[in-house]
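Examining the three-dimensional arrangement
Given next are the chains, with one letter for each unit.
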Amino acid sequence: MTTRITHFETHDIRFPTSLTGDGTDAMNTDCDYSSAYVTIYTDSGLIGHGMTFTIGRGTDIVCHAIRQLAGRLVGRDPESFFENMGKAWDWMCSDSQLRWIGPEKGVIHLATAAVNNALWDMFARARGKPLWKLIVDMTPEELVNATAFRYITDVLTREEALAMLTAKEAGKREREALVTEVGYPAYITSAGWLGYSDEKVSHLTKEAIASGFNHFKMKVGADFKDDLRRGKMIRSIIDDPANYPSGFKDPSSPELAGKNAGPTGAVLMIDANQVWDVPQAIEYVTGLAEIKPWFIEEPTAPDDALGHAAIRRALKPYGIGVATGEHAHNRIMFKQLFQAEAIDVCQIDSCRLAGVSEVLSVLLMAAKFGVPVCPHAGGVGLCEYVIHLSVIDYIAISGTMERNVLEFADHLHEHFPYRCTMNKRGRYNVPSNPKEGYSIEMYKESIAEFEWPNGSYWVGVRGGKVEST
């Protein structure tokens, strides 16, 4: 009997993180971590969950776009999508009227991410596997067919991708066994939000050290003197052997080479969230060279590939790299960043890119150009998502995780039944529940409490319901 997609639901879910300063940086000063969430239903009981991360106002606009896109799936057999997810992705992006208001960027692309992610979640659940396992078990031909290739074949053809994946086949099972045993390396962002007090930053940094982390990120860009002071304070903590009673890493080890690691092997990264023009970025970061950051993340406008290249060239003598990607709106932007030799670190986002099929295209390009992938995960649901993507990259695509670190932010995981977890080595545990799909299912109670505008939390804040618009 053929299964059909019958209907879908969308939810505008907003968490009041602005009250505690979580997520604050030089550009985004009042973040309410939010989710434009969709659940797709079938007549067989099979479901798929997907979401796009936002920070408050405008989530309703993304939900409206999701409804426009998800409506096209109703009545379709999901198996017809599963047999070639790359072709399905092309079809999802092909509605000419909806495409016009992108194309493949902005709100429409964010909405496409939620819907494509939901379809992948449904696919993994249908096969009884976590998403990463579904994909690494694919043959190279199947994985190529699952990938979006339009507009990138001048740097990566389907034939090249097939050869790359085939070459990695031999060691896949050994890599799967290793990452399942030791976990995937991570870095911590939660200690370095710009709105935190020195006392809170100090406490959280020491707590992160005790949890096994040796890569730390802080936000910069609002005030140079304050950034330098805070950077020195964090460095004094992470470089102090007394804070590592169980030992620390060798700063000359291959995994830390070129990362400006301190005497304990600790690495500091800085993130400006797009606040500077190109000359400002060069001057500002040069002034922070004494705190020895590994890279500056998002130093300028996310669409400026040549600007990032200029910043990278100027900072190279100081041993400081450039990272970006959380706001690179599609695979074409990443293609240009690679072509221009503009970045040292590729930072994919599971929701800014339009779902798994487009993420696969960027992972393949990064592997071809030899650029490590360190995904963005500073937001609700993103950690749950990106651990799958990093494990796919390691096992099936790049074959390496020695220099890669996946962002971790310790916020809002309690709203997900299949939440991400960390081990004592400061590494993500690999998702293992065969029922969890893409791990983004949210508790119904969380939706009921934090849905905007009439969830119980927001009604309590306002003192009464409002009419939905």
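An account of the accompanying structure is given in this report. (Residues numbered from 1 in each chain as written. Predicted model: local features only at pLDDT ≥ 70, side-chain atom pairs only at ≥ 80, totals over all residues. Heavy atoms only, no water.)

**Some points on helix H3 (residues 85-92)**
Selection criterion: Note on exposure labels: buried denotes an accessible area under 20% of the residue type's maximum, exposed denotes more than 50%, and partly exposed covers the range between, all computed with a 1.4 Å probe on protein chains only. In this text, helices come from DSSP runs of H or I with a minimum length of four residues, and strands from runs of E with a minimum of two, each type numbered from the N-terminal end. It is the directions from the helix axis to the C-beta atoms whose arc is reported. The contact rule is simple, with two residues in contact once any of their heavy atoms fall within 4.5 Å.
The complete set of buried residues in H3 reads Met 85, Gly 86, Ala 88, Trp 89 and Met 92. Looking down the long axis of H3, one finds its buried residues gathered within 160° of arc, a one-sided arrangement. Next to the buried residues of H3 lie helix H1 (59-70), helix H2 (78-82), helix H5 (106-127), helix H7 (140-145), helix H14 (331-339) and helix H15 (356-369).

**What about the sheet that holds strand S1 (residues 5-14)?**
Rule in force here: Strand pairing is assigned whenever DSSP detects at least two bridges linking the two strands. Comment: axis = line fitted to C-alpha atoms, over the contacting stretch for helices; angle = value between 0 and 180 degrees taken between N-to-C directions.
Strand order in this open sheet of three strands is S1-S2-S3, and the pairing throughout is antiparallel. Across the chains shown, the open sheet's two edge strands, defined by having one partner strand only, are S1 and strand S3 (47-54). Ignoring which end each strand starts from, the neighbouring axes of this sheet average 15° apart. Where strand S2 (residues 34-42) and S3 come together, eight bridges link them in antiparallel fashion. Bridge assignment links Ser 35 to a residue of S3, and that residue is Phe 53. Lying over the sheet, H1 contacts S1, S2 and S3, oriented at roughly 170° with respect to S1. Sheet strands in contact with H5 are S2 and S3, and its direction is about 150° off that of S3.

**What about the packing of helix H10 (residues 198-210) against helix H11 (residues 224-238)?**
To characterise two packed helices, one gives the angle between the axes of the helices and the distance between these axes. Selection rule: Every angle not falling under 35 degrees, over 145, or within 65 to 115 is termed oblique; those three ranges are roughly parallel, roughly antiparallel and roughly perpendicular. Each crossing gets its handedness from the near helix: less than a right angle anticlockwise from the far helix is left-handed, clockwise is right-handed. Nonpolar residues are Ala, Val, Leu, Ile, Met, Phe, Trp, Tyr, Cys and Pro. Charged residues are Asp, Glu, Lys and Arg, and all others, Gly as well, are polar.
One way to put it is that H10 packs onto H11 with a least axis distance of 10 Å and a crossing angle of 30°. Between H10 and H11, the angle is such that the two are roughly parallel. The two elements H10 and H11 meet at a crossing, and its hand is right-handed. Facing H10, whose interface residues are Asp 198, Val 201, Ser 202, Thr 205, Lys 206 and Ile 209, H11 presents Arg 229, Arg 230, Met 233, Ile 234, Ile 237 and Ile 238. Among the residues making up the contact of H10 with H11, the classes are represented as six nonpolar, two polar and four charged.

**Quick look at the nonpolar core**
What counts here: Think of a nonpolar core as a cluster: buried Ala, Val, Leu, Ile, Met, Phe, Trp, Tyr and Cys residues, connected wherever their side-chain atoms sit within 4.5 Å.
In this structure, Trp 120, Ile 296, Phe 334, Ile 348 and Tyr 428 are the most contacted members of the largest nonpolar core, which totals 142 residues. With twelve residues, helix H16 (residues 382-397) is the largest single contributor of residues to this core. For Phe 334, the residues in contact, after removing those within four places along its chain, are Thr 324, Gly 325, Ala 328, Cys 346, Gln 347, Ile 348, Leu 353, Val 362 and Met 365. Formed by eleven residues, the second largest nonpolar core is a distinct cluster that contains Val 267, Met 269, Val 345 and Cys 374.

**Thoughts on the side chain of Thr 52**
Stated precisely, the cut-off is as follows: Between N or O atoms, a polar contact is any pair within 3.5 Å; within protein, one atom must be a potential hydrogen donor and the other a potential acceptor, and residues adjacent in sequence are included only when both atoms are from side chains.
When you line up the elements, Thr 52 lands in strand S3. Accessibility expressed as a relative area gives 0% for Thr 52, which makes it buried. Looking at Thr 52, its side chain comes within polar contact range of the main-chain oxygen of Leu 110, at 2.4 Å. Once you skip the residues sitting within four places of it in the chain, Thr 52 turns out to touch Ser 34, Ser 35, Ala 36, Val 62, Leu 110, Ala 111, Ala 113, Ala 114 and Cys 351.

**Observations concerning the packing of H1 against H5**
Interaxial distance between H1 and H5 falls to 8 Å at its minimum, and their mutual angle equals 60°. Viewed along their axes, H1 and H5 adopt a mutual orientation that is oblique. The handedness of the crossing between H1 and H5 is right-handed. Contacts from Ile 61, Val 62, Ala 65, Ile 66, Leu 69 and Ala 70 in H1 reach Val 107, Ile 108, Leu 110, Ala 111, Thr 112, Ala 114 and Val 115 in H5.

**Here we look at the packing of aromatic side chains**
Our working definition: Side-chain rings of Phe, Tyr and Trp, where Trp is taken by its six-membered ring, are said to pair if the distance between their centres is within 6.5 Å; with planes under 30 degrees apart they count as stacked, over 60 as edge-to-face, and otherwise as tilted. Two conditions define a charge located above a ring, namely a distance within 6 Å from the ring centre to NZ of Lys or CZ of Arg, and an angle within 35 degrees of the ring normal.
Scanning all chains against the criterion turns up 17 aromatic pairs. When the centroid spacing of 4.5 Å and the interplanar angle of 35° are considered together, the rings of Trp 276 and Tyr 284 count as tilted. Assessed through its relative accessible area of 14%, Tyr 284 is described here as buried. The structure contains a cluster of three or more aromatic residues connected by ring pairs, namely Phe 15, Phe 450, Trp 452, Tyr 457 and Trp 458. Sitting over the face of the ring of Trp 91, Arg 72 holds its NZ or CZ atom 4.2 Å from the ring centroid. The ring of Trp 91 is capped by Arg 76, whose NZ or CZ atom sits 4.8 Å from the centre of that ring.

**Describing the pattern of salt bridges**
For clarity, the cut-off: Here a salt bridge means any side-chain nitrogen of Lys or Arg lying within 4 Å of a carboxyl oxygen belonging to Asp or Glu.
Following the criterion strictly, the structure yields 28 salt bridges and no others. In this structure, Arg 229 and Asp 198 form a salt bridge, with 2.4 Å as the shortest nitrogen-oxygen distance. One end of the pair, Arg 229, is in helix H11; the other, Asp 198, is in helix H10, with 31 residues separating them in the sequence. With a relative accessible area of 26%, Asp 198 lands in the partly exposed category. By sharing partners, the salt bridges in this structure join Lys 129, Lys 133, Asp 137, Arg 173 and Glu 176 into a single network.

**What about unusual backbone geometry?**
Each neighbour pair has its own omega, and for Gly 102 with Pro 103 the value is -20°, a cis peptide bond. Of note, Pro 103 is situated in the loop between helix H4 (96-100) and H5. One non-glycine residue, Asn 273, adopts positive backbone phi at about 50°. With respect to the element layout, Asn 273 can be found in the loop between strand S6 (267-271) and helix H12 (278-287). Positive phi values are uncommon outside glycine, yet Gln 274 reaches one of about 80°.

**Structural notes on the pairing of S3**
In terms of burial, S3 is largely enclosed, as seven of its eight residues are buried. Linking two consecutive strands that pair antiparallel, namely S2 and S3, is a turn of four residues; a positive phi of about 95° is found at Gly 45 within it.

**Observations regarding the environment of Ala 88**
Along the polypeptide, Ala 88 turns up in helix H3. Looking at Ala 88, the relative accessible area reads 5%, which means it is buried. Placed 39 residues apart in sequence, Ala 88 and Arg 127 show a C-alpha to C-alpha distance of 18 Å.

**As for the state of the cysteines**
To keep things clear, this is the line we draw: Any pair of cysteine sulfurs within 2.5 Å is marked as a disulfide.
On inspection of all chains with the given rule, the structure shows zero disulfides. Of all cysteine sulfurs, the one in Cys 420 lies closest to Cys 383, which takes part in no disulfide; the gap is 4.8 Å. Owing to a relative accessible area of 0%, Cys 383 belongs among the buried residues under this scheme.

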